[in-house]
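# Remarks on the overall topology
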Amino acid sequence: MAQATNQITLRDLEISLSTNGSAWTDISGFANSIGIGGGDREIGEFFTADGDIPVLGAGKRAALELTVKILYTEGGSDPYTTVRAAYENGTALYVRFSPKGGDSGEFMFTSAAGYVMNAVYPQGEVQSGEPTPVEFILKTPSLTKSDVA
């Protein structure tokens, strides 16, 4: 098989937040990265006296943890304000993202309702001239893939 030439980078990533799963705010101008952890499926195994290898069974999937890095800003409707409020109030938050930028026909991944599980307060070093980032981790039961309309 020939080497792939249709690679995708996250350079054009579109990422949005929602507090209700239907009204979305594009935070691409504030976001820097997204990482996905967790979601491991439990796999059971059972050894019989007759065989040398186990019999396997697929169990349930664990929750996913979406780690999103955003720019810390202090505007009343900026992403940081939304994320901090969701964390402090224990209210649901949704994340959706499109690796290629969200144009028609491209893939979009949308989280189920989740909760911000880590403290989301600004921190950093005073001598650095770098803008202050904040990372939040959204624990969600699942992601759903769809095609952008």
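Please read these numbers as outputs of a predicted model, since none were measured by experiment.

The rules behind the values
- Residues numbered from 1 in each chain as written.
- Predicted model: local features only at pLDDT ≥ 70, side-chain atom pairs only at ≥ 80, totals over all residues.
- Heavy atoms only, no water.
- Helix = DSSP H or I, 4+ residues; strand = E, 2+ residues; numbered from the N terminus.
- Buried < 20%, exposed > 50% of the residue type's maximum accessible area, 1.4 Å probe, protein only.
- Contact = heavy atoms within 4.5 Å.
- Areas by Shrake-Rupley, 256 points an atom, 1.4 Å probe, with all protein chains shown as cover.
- Lys, Arg positive; Asp, Glu negative; His and termini not counted.
- Charge placed at Lys NZ, Arg CZ, Asp CG, Glu CD.
- Pairing = 2+ DSSP bridges.
- Core = buried A, V, L, I, M, F, W, Y, C linked by side-chain atoms within 4.5 Å.
- Phe/Tyr/Trp six-rings, centres within 6.5 Å; stacked < 30°, edge-to-face > 60°.
- Lys NZ or Arg CZ within 6 Å of the ring centre and 35° of its normal.

Take the overall build of the chain next. Along the backbone of the chain there are 1 helix and 11 strands. Secondary structure elements of the chain, listed N to C terminal, follow the sequence β-β-β-β-β-β-α-β-β-β-β-β. Dimensions of the chain, computed from the C-alpha atoms along their principal axes, are close to 65 × 40 × 40 Å. Every one of the 149 residues in the chain was classed for burial, and the buried ones make up 26%. In the chain, the proportion of contacts linking residues at least 24 apart, taken out of those at least 6 apart, comes to 64%. When the accessible surface of the chain is summed, it comes to about 9800 Å², and 50% of that surface belongs to carbon and sulfur atoms. Within the chain, the 18 negative side-chain charges are centred at a point lying 6 Å from the centre of the 10 positive side-chain charges.

Let's shift gears to the pairing of strand β4 (residues 41-46). Taken across its 6 residues, β4 has 0 buried, putting it largely on the surface. The pairing of β4 with strand β5 (residues 55-61) spans 5 bridges and is classified as antiparallel. The residue bridging Glu45 from the neighbouring strand is Leu56, located in β5.

Moving on, we get to the sheet that holds strand β8 (residues 107-111). Within the open sheet, the 5 strands sit side by side as β2-β1-β7-β8-β11. Their pairing is antiparallel. Strand pairing shows two members of the sheet lacking a second neighbour, β2 (25-26) and β11 (143-147), which therefore form its edges. When β8 meets β11, the two strands line up antiparallel, connected through 5 bridges. Paired with Met108 across the strands is Ser146, a residue of β11.

Soluble globular proteins: nonpolar side chains tend toward being buried together. With 21 residues, the main nonpolar core has Ile70 and Phe136 as its most contacted residues. Counting residues per element, the ones that place at least two in this core are β1 (14-18), β3 (31-38), β6 (64-71), α1 (79-89), β7 (94-98) and β10 (133-140). If you tally residues by element for this core, the top one is β6, at 4 residues. For Phe136, the contacting residues outside a window of four places in its chain are Leu17, Leu66, Thr67, Val68, Ile70, Val83, Leu93, Val95, Val116, Asn118 and Val120.

Applying the stated criterion to the full structure yields 4 aromatic pairs. Each ring, one from Tyr72 and one from Tyr80, has its centre 4.8 Å from the other, and the planes form 80°; the classification is edge-to-face. For Tyr72, a relative accessible area of 22% puts it in the partly exposed group. Taken together, a centroid distance of 5.4 Å and an interplanar angle of 25° make the contact between Phe97 and Phe109 stacked. Of this pair, Phe97 sits in strand β7 while Phe109 sits in strand β8, and the two are 12 residues apart along the sequence. Just above the ring of Phe107 sits the side chain of Lys145; from NZ or CZ to the centre is 3.9 Å.

Before going further, it helps to spend a moment on the pairing of β1. With respect to burial, β1 is a largely interior element, 5 of its 5 residues being buried. In β1, alternate side chains face the same way, and those of Glu14, Ser16 and Ser18 on one face and Ile15 and Leu17 on the other are all buried. Note that β1 and β7 share 5 bridges and pair antiparallel. Paired with Ile15 across the strands is Phe97, a residue of β7. Here β1 runs beside β2; their pairing, made up of 2 bridges, is antiparallel. The partner of Ser16 across the bridge, within β2, is Asp26. Two successive antiparallel strands, β1 and β2, enclose a turn made up of 6 residues, where Gly21 displays a positive phi of approximately 85°.

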